Amino acid sequence: MSDITDKTAEQLENLKISNDQPESKETSATPSGSETPSSENAPTSLYVGELDPSVSEALLYDIFSPIGSVTSIRVCRDAVTKTSLGYAYVNFSDHESGKAAIEKLNYTPIKGKLCRIMWSQRDPSLRKKGSGNIFIKNLNPDIDNKALYDTFSVFGNILSSKIATDENGKSKGFGFVHFEDESAAKEAIDALNGMLLNGQEIYVAPHLSRKERDSQLEETRANYTNVYIKNIPLDTTEEEFKEYFSKMGNITSISLEKNDEGKLKGFGFVNYETHDDAVKAVEELNGKEFKGQELFVGRAQKKYERLQTLKKQYEAARLEKMVKYQGVNLFVKNLDDSIDDEKLKQEFSPFGTITSAKVMRTENGKSKGFGFVCFSTPEEATKAITEKNQQIVAGKPLYVAIAQRKEVRRSQLAQQIQARNQMRFQQASAAAAAAAAGIPGQFMPPMFYSVMPPRGVPFNGPAPQHMNGIPPQQFRNGPMNYGMPPHGAPHGAFPRNAAVNANANQFYQQKQRQALGEQLYKKISAKNPDEEAAGKITGMILDLTPQEVVALLENEELFEQHFREASAAYKSFKKEQQQQQEAAAATSAAEPQQETQPVSTETSE
């Protein structure tokens, strides 16, 4: 995009463009002497999402101003870092200009990313209403936001539409479209449900809230007629199958699932005429033998319900495992490549009974540099941590700690980022206040280091002319007691020496941390060029001890492990921060001329 012309710059000055203080609750101002129309029937404010972080208000003005009179632009930014959150609001002076902008610019590239434009809904009740909102699933992975919008826009005005994606931006196979008019939503459902879209038969239905879905699920459970059967012998015919299950009552349909070659998969369904017959089949035929195999017969479940059941079972098993191994499972890292499972067990066996010891390895069988040791009691594990942490094994200092679940570690890292950001923000505010009051900044005097003889050992030989700024007369005439003041020196000399040594040690640690941080930042920025992300990830890893940082700088796999964990924690932190920003924007929606992001009642299937 070319530089902004003088005319454009002059026009920008007449606009309300929030850039310096994005965290404030700004209002969308209009040029002097005019008032932006604002009503439910004639919206003029647009939400522009999926923006590259480098997109500015000036660039958006250059893009949107040729379409109509732009009255205000706001790129939403992080309150602390001032980085873009990836969405903005553009206000026009009239509804027709906003409508034209959606038609001409929606899903067009801005700095390489397809923007997503929709009307901004300031009324939360309109954004969250269920009428007009539809759910689409079984979408081909090639269907993106633009394809979804183009497919459904022929039925009416769309308030919002979006494909659900994972953390890598890949489609989850379902999405949502929110129509302005409920009749348009019904027409789209009637026309497209069961139709082929990119070779896949899609399911289109009114969107139901989780509460409504759960209510339907309870009703289905209480009145089911469909029965699921598995462990069916592969030589079973439909006649044999129907005859066996018809003993329980009248059957409306049966289905034996087959593969592409027409062979049975070993499971099927039977739908009874009444709920009582279905219950009878489950109670009397489950576990019974059919053609030499024991059948499983149970109520047929929808995919959503099966996933919920499996999720509950997984969570229960995870909690049981977490309680079982609480305080006894140790995480051990910085392992030498020569350490295998048996050697790891030998290293920790003196501290108690080991139930398992495992060195984690790559697909090629190479050690990842870390592993786990599980003891029978928490006391044994605590003793092992005390004795083995920082102990040199095969030339490397071990790191030993209680093993934590990945989500716990990420949460802790995210909290560290947030606390560090808050501290820096407070320090910057304090420094700015001090500067405004004319208070000079802190001054640290230069520190000097010298190798001194042990206590009581005389310093022999000619006195040096100068040593690290200390006058040579201090080294003359006889022995020198390290750390003790000379005879006749003031009593405060020793505390001052101790303070100097403490300051020197602190200065050395700061210099060491700075040097390690520079090396880390260089490696991290090569993998993630985003300056903010690289800085935050570097800070998280620098929370380790210097020995651990040195170890991971020397071990590429260990570095990769820490980099992945810190990156995941940073992404989690940014996502949570963005959600907080959007929630804050939604909260302030009721204020005059305040725009917030439209929220569809989207939930995962």
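The following refers to the structure shown.

Cut-offs and rules
- Residues numbered from 1 in each chain as written.
- Predicted model: local features only at pLDDT ≥ 70, side-chain atom pairs only at ≥ 80, totals over all residues.
- Heavy atoms only, no water.
- Helix = DSSP H or I, 4+ residues; strand = E, 2+ residues; numbered from the N terminus.
- Contact = heavy atoms within 4.5 Å.
- Areas by Shrake-Rupley, 256 points an atom, 1.4 Å probe, with all protein chains shown as cover.
- Buried < 20%, exposed > 50% of the residue type's maximum accessible area, 1.4 Å probe, protein only.
- Pairing = 2+ DSSP bridges.
- Phe/Tyr/Trp six-rings, centres within 6.5 Å; stacked < 30°, edge-to-face > 60°.
- Core = buried A, V, L, I, M, F, W, Y, C linked by side-chain atoms within 4.5 Å.
- Patch = residues over 30% accessible without salt bridge, like charges linked within 9 Å, V, L, I, M, F, W, Y side chains within 5 Å.
- Salt bridge = Lys/Arg side-chain N within 4 Å of Asp/Glu carboxyl O.
- Lys, Arg positive; Asp, Glu negative; His and termini not counted.
- Charge placed at Lys NZ, Arg CZ, Asp CG, Glu CD.
- Axes fitted to C-alpha atoms, helices over the stretch in contact; angles between N-to-C directions.
- 1 Å grid on protein atoms, 1.4 Å probe; cavity = no way out; pocket = protein on both sides within 12 Å on 5 of 7 lines; lining within 4 Å.
- Points joined across faces, edges and corners; volume = space filled by probe spheres on them.
- Nonpolar A, V, L, I, M, F, W, Y, C, P; charged D, E, K, R; others polar.
- Arc of directions from axis to C-beta.
- Polar contact = N/O pair within 3.5 Å; in protein donor to acceptor, adjacent residues only side chain to side chain.

A word on the overall build of the chain. Counting its regular elements, the chain contains 17 helices and 25 strands. Within the chain, residue pairs in contact and separated by at least 24 positions form 66% of the contacts whose partners lie at least 6 positions apart. For the chain, the accessible area works out to roughly 35100 Å², and carbon and sulfur atoms hold 50% of it.

Here strand S3 (residues 70-77) lies mainly inside the structure; eight of its eight residues are buried. Pairing analysis gives six bridges linking S3 to strand S4 (residues 84-92), with the strands arranged antiparallel. The residue of S4 that forms the bridge with Val 70 is Phe 92. Counted along the chain from S3 to the antiparallel partner S4, the turn is six residues long, and its residue Lys 82 has a positive phi close to 65 degrees.

It is worth spelling out the packing of aromatic side chains at this point. This structure, assessed with the given rule, holds 20 aromatic pairs. On the numbers, 6.1 Å between centres and 50 degrees between planes, the contact of Tyr 228 with Phe 267 is tilted. Separated by 39 residues along the polypeptide, Tyr 228 in strand S14 (residues 226-230) and Phe 267 in strand S16 (residues 264-272) bring together distant segments of the chain. Here Tyr 228 falls in the partly exposed class, since its relative accessible area comes to 23%. A residue is classified by how much of its surface remains accessible, and Phe 267, at 25% relative accessible area, is partly exposed.

What follows is about the nonpolar core. By size, the foremost hydrophobic cluster in this structure holds 43 residues, and its most contacted members are Leu 60, Phe 64, Ile 134, Ile 136, Phe 152 and Phe 179. Sequence-distant contacts of Phe 179, that is, excluding residues within four places in its chain, are made with Ser 131, Gly 132, Ile 134, Phe 152, Phe 155, Gly 156, Asn 157, Ile 158, Leu 159, Ala 184, Ala 185 and Ala 188.

With that settled, the discussion passes to a positive patch on the surface. Where like charges cluster on the molecular surface, the positive patch consists of Lys 368, Lys 406, Arg 410 and Arg 564. For Lys 406, the location among the structural elements is in helix H13 (residues 406-436). By relative accessible area, Lys 406 is classed as partly exposed at 46%.

Strand order in the open sheet formed by four strands is S21-S22-S20-S25, and the pairing between neighbours is antiparallel. At either end of the open sheet lies a strand with only one pairing partner, and these are strand S21 (354-361) and strand S25 (399-402). Neighbouring strand axes in the sheet, compared pairwise and without regard to direction, differ in orientation by 20 degrees on average. Sheet topology note: the S21/strand S22 (residues 367-375) ladder contains six bridges and is antiparallel. From the neighbouring strand, Arg 361 faces S22, where its bridge partner is Ser 367. Against the sheet, helix H12 (residues 378-388) makes contact with strand S20 (329-333), S22 and S25, and its axis sits at roughly 155 degrees relative to S25, the strand it touches most.

Attention now moves to the pattern of salt bridges. Any two side chains of opposite charge can pair, given that their charged atoms come close. The final tally for this structure, using the stated rule, is ten salt bridges. Two residues, Glu 50 and Arg 116, come together in a salt bridge whose shortest N-O distance is 3.4 Å. Placement of Glu 50 in the loop between strand S2 (45-49) and helix H2 (57-64) and of Arg 116 in strand S7 (residues 116-119) is noted, with a sequence separation of 66 residues between them. Ionic pairing is found between Glu 560 and Lys 527, a salt bridge with its closest N-O pair at 2.8 Å. In this pair, Glu 560 sits in helix H17 (residues 556-587) while Lys 527 sits in helix H14 (residues 493-527), placing the two residues 33 residues apart along the sequence. For Glu 560, a relative accessible area of 22% corresponds to the partly exposed category. A relative accessible area of 39% places Lys 527 in the partly exposed class. Beyond isolated ion pairs, a larger network of salt bridges with shared partners links Asp 235, Glu 240 and Lys 291.

Among the five residues in strand S8 (residues 133-137), four count as buried, and that is most of the element. Bridge analysis of S8 against strand S10 (residues 171-179) gives five bridges, and the strand direction is antiparallel. Within the sheet, the bridge partner assigned to Asn 133 lies in S10 and is His 178. As paired elements, S8 and strand S13 (residues 203-206) share four bridges and run antiparallel to each other. The residue bridging Phe 135 from the neighbouring strand is Ala 205, located in S13.

Now for empty space enclosed by the protein. Empty space left among the atoms is revealed by rolling a probe the size of a water molecule over them. Summed over all chains, the structure comprises four cavities of 30 Å³ or more. By volume, the largest cavity amounts to about 60 Å³. Ile 102, Asn 106, Tyr 107, Arg 116, Ile 117, Met 118, Trp 119, Tyr 149, Ile 158, Leu 159, Ser 160 and Ser 161 together form the lining of the largest cavity. Elements supplying a minimum of two residues to the lining of the largest cavity: S7 and strand S9 (158-165). Counted by class, the lining of the largest cavity contains eight nonpolar, three polar and one charged residues.

Turning to the environment of Ala 147, a few remarks are in order. Tracing the backbone shows Ala 147 in helix H5 (residues 145-152). Along the primary structure Ala 147 and Ile 163 are separated by 16 residues, whereas in three dimensions their C-alpha atoms are 9.8 Å apart.

Counting buried positions along H2 gives six out of eight residues, so the element sits mostly inside the fold. Within H2 the residues assigned to the buried category are Glu 57, Leu 59, Leu 60, Tyr 61, Ile 63 and Phe 64.

The next subject is H12. Taken residue by residue, H12 has Glu 380, Ala 381, Ala 384 and Lys 388 as its buried positions. Down the axis of H12, the buried side of the element spans an arc of 100 degrees, and every buried residue falls inside it. Exposed residues lying more than 90 degrees from the buried face of H12 are Glu 379 and Thr 386. Just past H12, the residue Gln 390 takes up positive phi, approximately 70 degrees.

By the element assignment, Ala 381 lies in helix H12. Given a relative accessible area of 0%, Ala 381 falls into the buried group. With 53 residues separating them in the primary sequence, Ala 381 and Val 328 have C-alpha atoms 5.3 Å apart.

With respect to the element layout, Asn 145 can be found in helix H5. Separated by 2.7 Å, the side chain of Asn 145 and the backbone nitrogen of Ile 163 make a polar contact. Among all residues touching Asn 145, those that are not within four sequence positions of it are Tyr 107, Arg 116, Ser 161, Lys 162 and Ile 163.

A word on the sheet that holds S10. Backbone-to-backbone hydrogen bonds join strands into a sheet, with any given pair of strands oriented parallel or antiparallel. The sheet built from four strands is open, its strands ordered S9-S10-S8-S13 with antiparallel pairing. A strand with exactly one partner marks an edge of an open sheet, and here the two such strands are S9 and S13. Here the average twist between neighbouring strands, direction ignored, is 20 degrees. Bridging between S9 and S10 involves six bridges; their strand directions are antiparallel. Bridging from a neighbouring strand, Ser 160 pairs with His 178 of S10. Along the sheet face, H5 touches S8, S9, S10 and S13 and points at about 140 degrees away from the line of S9. Set on the sheet, helix H6 (residues 182-192) makes contact with S8, S10 and S13; between it and S13 the angle comes to about 155 degrees.

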